[in-house]
Structures are given as structure tokens and as C-alpha cells.
Amino acid sequence: MTATPDLDVRLAAFEWLSDRRERIGEVFDREELRSGFTFRGQRVPLMSPQQGIWKPAFCELPISITTTLNGPYRDSFDDSRGVIRYSYQGDDPGRWDNVGLRRAMATQAPLVYFHPVARPGRYLATFPVFIVGDDQPGLMFSVQLDAPTILERLDVDLVAEDRGATRAYYTSTVRRRAHQASFRERVLIAYREMCALCRLRHGELLDAAHIVADNDPEGEPLVTNGLALCKLHHAAFDSFFLTVTPEYRVVVRPSILAETDGPMLVVGLQQLHGQPIELPRAAALRPDQAKLARRLERFRIAS
């Protein structure tokens, strides 16, 4: 078997990305990816300022591929085959970066795939991925997401699974992650990066909560179906400890209002009762009042 080029630096990149994702979240900023990490005294950028296919200077083969938001290429998910269709750089199959990905396919070198979310310069990182197909007439590569890696973490019995089905499952999972990350980005932008209830501004502690759940036919990933909430208030909202009325005021469950506990209960929940929420400045982005009314009815039943 051909040795995988640059394997140590690739594994170091995966470790750095995993650590950063655990600490801060799964959406990465372009500038931090361009800055990258230090490996054996050398700086390793993980993204090019200009190229979608990126090879650091001291690496033998590319280490990452990137889809650009509103870019000129035709990258797409192919759920039926469990792959991403990734465009060549330019239209010359013999161009150095296309040749580099072809060599990555031959050696099965693992790469990172960066998929854009909501706003320019923000990306979801998926790794490891592998080049598994080369369509020169169509100027496209096929990129396989490492289905066994994620499915083993989910304790799925791979022996009994059809590998094509698992690849398709993982590709659709990454697509959902991209949609969810994009939804979160758009909601946090609309709410000026703060919790609509307590005005907390630390991005690492903020979520985009669905008013109508995303598995509901009416649970579209639209800003009007979302609220920017800190993790405490997101959990309280999902558990029906509180809700928001169509008039954009907080209602706390009566049993919670009657409780006696420490200061967190008072400040974190009870004092919010009857208070107006912080709203997006653009009226078109404010919470859908019909969805809030539907949520209020479920809240009353749960109370």
C-alpha cells in the first residue's frame, strides 16, 4: 500500500480542528483557518486566501478543499452516491492543484472539507474526507465523507450495514449540519449576537432555538422561526419552562414562578416573566407570531 503523504501534519490538523470545535463551536472563521496552527515549529494554514484546493508550502499534497459561498463552481451533495461533487480548480485537468487531488485519491490521503454557512468567511469543517472519483470530462472530483468514522461514534454495527447506505447517511448528515449551522449564523446576526431574553453576548454560549421544531413540516430553517437564546434559556424554552407570546413577551410557567430556590432561579427565569424580548431591528426578521401562538398553546398544555 502506498504511504500517505504528510500523514503526521494531517492528523495534527484534525486534532487542532477537533479541539477548537469542542471549545468554541463548529463554525470556523476564514481568518483563523488562514492562520492555522503550529506544527513542529512551522505555521500550517488550513485555507488559501484564493484557492479552493489548498496545499501548505511544506506539504507534498493538498490538505484541504473549500466550497465558496456564491462562488463560480458547481459543488453539490450527491446523497444517492454518498459523495460530494467537487469542481476542479479552473478547466485544466493538468493544473497543479487538480493533479494534487488526483494524487491524494491515489494515495487515499485524508483531507479537510470546508463548507460555507450563511455569511461570507464562515465555514463548517468536515474531516477526514477522501477523493474517490475523478470525472475529467465533467471537471469534477467525487469526495467521500468518512462514514465509518462518524457511525462508529454513534455505535452503529457496520458489519450489518450496507456501505453505500452508510455513506449516503453521512453525506445527508453533513448537509443537515451545514443547514443547522447556517440557520444559527443567520439568527445570531439578526439578534445582533445576543440572547433575546437576557442580552448575553458571548457567542460561544448562544444558540438558535426553533420556535416550531425543525422536524415539524412547519419548522423551516428561517430566521422568523428562530430565537437567539443563551444555552440556559434555550434549554428552558425547549423544556417549556418559559415561552414567548405573539406580543413578544416572556411567560414563565406558573410552577416555576412558585418555586423557591437560589438566586439563579430568580434572576435566570422568574424575573423574566412579563418582560419584552430583544427583537431583530428588521421587522421582516422578527419571530412569526402565528408560530409563537402555536408554541404558546403547547406551553399551556405542558404547564
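Please read these numbers as outputs of a predicted model, since none were measured by experiment. Residue positions are given per chain, counted from 1 along the sequence in the order it is written. For a predicted model such as this one, the threshold for reporting local features is a pLDDT of at least 70, and the threshold for listing and counting side-chain atom pairs is 80 or more; totals across whole chains, interfaces and linings nevertheless cover every residue. To get the side-chain values, take all heavy atoms of the structure and skip hydrogens and water.

**Describing the overall build of the protein**
Labels follow the DSSP assignment, with helices taken as runs of H or I lasting at least four residues and strands as runs of E lasting at least two, numbered in each case from the N terminus. Helices and strands together make up the secondary structure of the protein, namely nine helices and 14 strands. Considering only intrachain contacts with a sequence separation of at least 6, the fraction spanning at least 24 residues in the protein is 59%. Counting only carbon and sulfur atoms, one obtains 52% of the accessible surface of the protein, whose full area is about 14800 Å². Note on definitions: a residue-residue contact is assigned when non-hydrogen atoms from the two residues lie within 4.5 Å. A 1.4 Å probe and the Shrake-Rupley method give the accessible areas. Residues count as covered only by the protein chains that appear here.

**Quick word on the pattern of salt bridges**
Each reported salt bridge corresponds to a side-chain nitrogen of Lys or Arg within 4 Å of a carboxyl oxygen of Asp or Glu. For the structure shown, the criterion picks out 21 salt bridges. Linked through salt bridges whose partners overlap, the residues forming this network are Arg-119, Arg-122, Arg-184, Glu-185 and Glu-193.

**Some thoughts on the side chain of Thr-243**
Here Thr-243 shows up in strand β13 (residues 242-244). For Thr-243, a relative accessible area of 0% puts it in the buried group. Accessibility here uses a 1.4 Å probe with only protein chains present; expressed as a share of the type maximum, an area under 20% marks a residue as buried, one over 50% as exposed, and anything in between as partly exposed.

**Section: the nonpolar core**
To define a nonpolar core, start from buried Ala, Val, Leu, Ile, Met, Phe, Trp, Tyr and Cys residues and group those joined through side-chain atoms within 4.5 Å. Membership of the largest hydrophobic core comes to 30 residues, with the highest contact counts inside it found for Leu-197, Leu-227, Leu-229, Leu-242 and Ile-277. Among all residues touching Leu-242, those that are not within four sequence positions of it are Leu-197, His-233, Ala-236, Phe-237, Val-250, Val-251, Val-252, Leu-269, Leu-272 and Phe-299. Listed in part, the 20 residues of the second largest apolar core include Leu-17, Phe-39, Val-44 and Ala-125.

**A word on the pairing of strand β11 (residues 206-210)**
With five of five residues buried, β11 is to be regarded as a mostly interior element. Of the two faces of β11, the one carrying Leu-206, Ala-208 and His-210 and the one carrying Asp-207 and Ala-209 are both buried.

**Re the environment of Leu-124**
By the secondary structure assignment, Leu-124 is in strand β9 (residues 122-135). Owing to a relative accessible area of 0%, Leu-124 belongs among the buried residues under this scheme. Taking C-alpha positions, Leu-124 is 6.1 Å from Glu-26, a pair spaced 98 residues apart along the chain.

**Section: unusual backbone geometry**
The residue after Phe-127, namely Pro-128, is reached through a cis peptide bond having omega -10 degrees. Within the secondary structure layout, Pro-128 lies in strand β9.

**A look at the confidence of the model for the protein**
Looking at the protein as a whole, its pLDDT mean stands at 87, while 87% of the residues score no less than 70. pLDDT is a per-residue confidence score from the predictor, ranging from 0 to 100. Taken as a whole, residues 147-163 scores under 50 in pLDDT and shows 18 contacts with residues more than four places along the chain or in a different chain.

**Section: the packing of aromatic side chains**
Centres within 6.5 Å make a pair out of two Phe, Tyr or Trp rings, where for Trp the six-membered ring is used; the pair is then stacked when the planes are under 30 degrees apart, edge-to-face when over 60, and tilted otherwise. One pass over the full model with this rule turns up three aromatic pairs. Between Trp-16 and Phe-37, the aromatic rings sit 6.0 Å apart at their centres with planes inclined by 20 degrees, giving stacked as the arrangement. One end of the pair, Trp-16, is in helix α1 (residues 7-24); the other, Phe-37, is in strand β2 (residues 37-39), with 21 residues separating them in the sequence. With relative accessibility at 6%, the residue Phe-37 sits in the buried group. Here the aromatic rings of Tyr-88 and Phe-141 are separated by 4.6 Å at their centres, their planes lie at 25 degrees, and the arrangement is stacked. Here Tyr-88, found in the loop between β7 (83-87) and α3 (96-107), pairs with Phe-141, found in strand β10 (residues 140-145); they are 53 residues apart in sequence, far enough to count as distant. Judged on exposure class, the residue Tyr-88 and its partner Phe-141 are both buried. In this structure, Arg-20 packs its charged tip against the face of Phe-28, placed 4.3 Å from the ring centre. Each ring is checked for a lysine NZ or an arginine CZ that lies within 6 Å of its centre and within 35 degrees of its normal; such an atom marks a charge sitting over the ring.

**Comments concerning the environment of Gln-42**
Along the chain, Gln-42 turns up in strand β3 (residues 42-44). Along the sequence, Gln-42 and Phe-58 sit 16 residues apart, while their C-alpha atoms lie 9.0 Å from each other.

**A short note on α1**
Each residue after the first adds 1.5 Å to the expected span of a helix. The first and last C-alpha atoms of α1 sit 26 Å apart over 18 residues, in line with the 26 Å expected at 1.5 Å per residue. Val-9, Arg-10, Ala-12, Ala-13, Phe-14, Leu-17 and Arg-20 are the residues of α1 that are buried. Where α1 is buried, its residues meet β1 (27-29), α2 (30-35), β2, β3, β8 (111-116) and β9. Immediately downstream of α1, the backbone of Gly-25 shows phi near 135 degrees, a positive value.

**Regarding the side chain of Arg-10**
One can find Arg-10 in helix α1. Accessibility expressed as a relative area gives 1% for Arg-10, which makes it buried. At a separation of 3.4 Å, a polar atom in the side chain of Arg-10 contacts the main-chain carbonyl oxygen of Leu-61. Among all residues touching Arg-10, those that are not within four sequence positions of it are Thr-4, Pro-5, Leu-61, Pro-62, Ile-63, Ala-109, Pro-110 and Leu-111. Side-chain atoms alone can form a polar contact between residues adjacent in sequence; in general such a contact is a pair of N or O atoms within 3.5 Å, and within protein one must be able to donate a hydrogen while the other accepts it.

**Digging into the state of the cysteines**
Note on terminology: pairs of cysteine sulfur atoms within 2.5 Å are recorded as disulfides. By the definition in use, this model includes zero disulfides. The cysteine Cys-195 is free of any disulfide, with Cys-198 supplying the nearest cysteine sulfur at 3.6 Å. By relative accessible area, which is 0% here, Cys-195 ends up buried.

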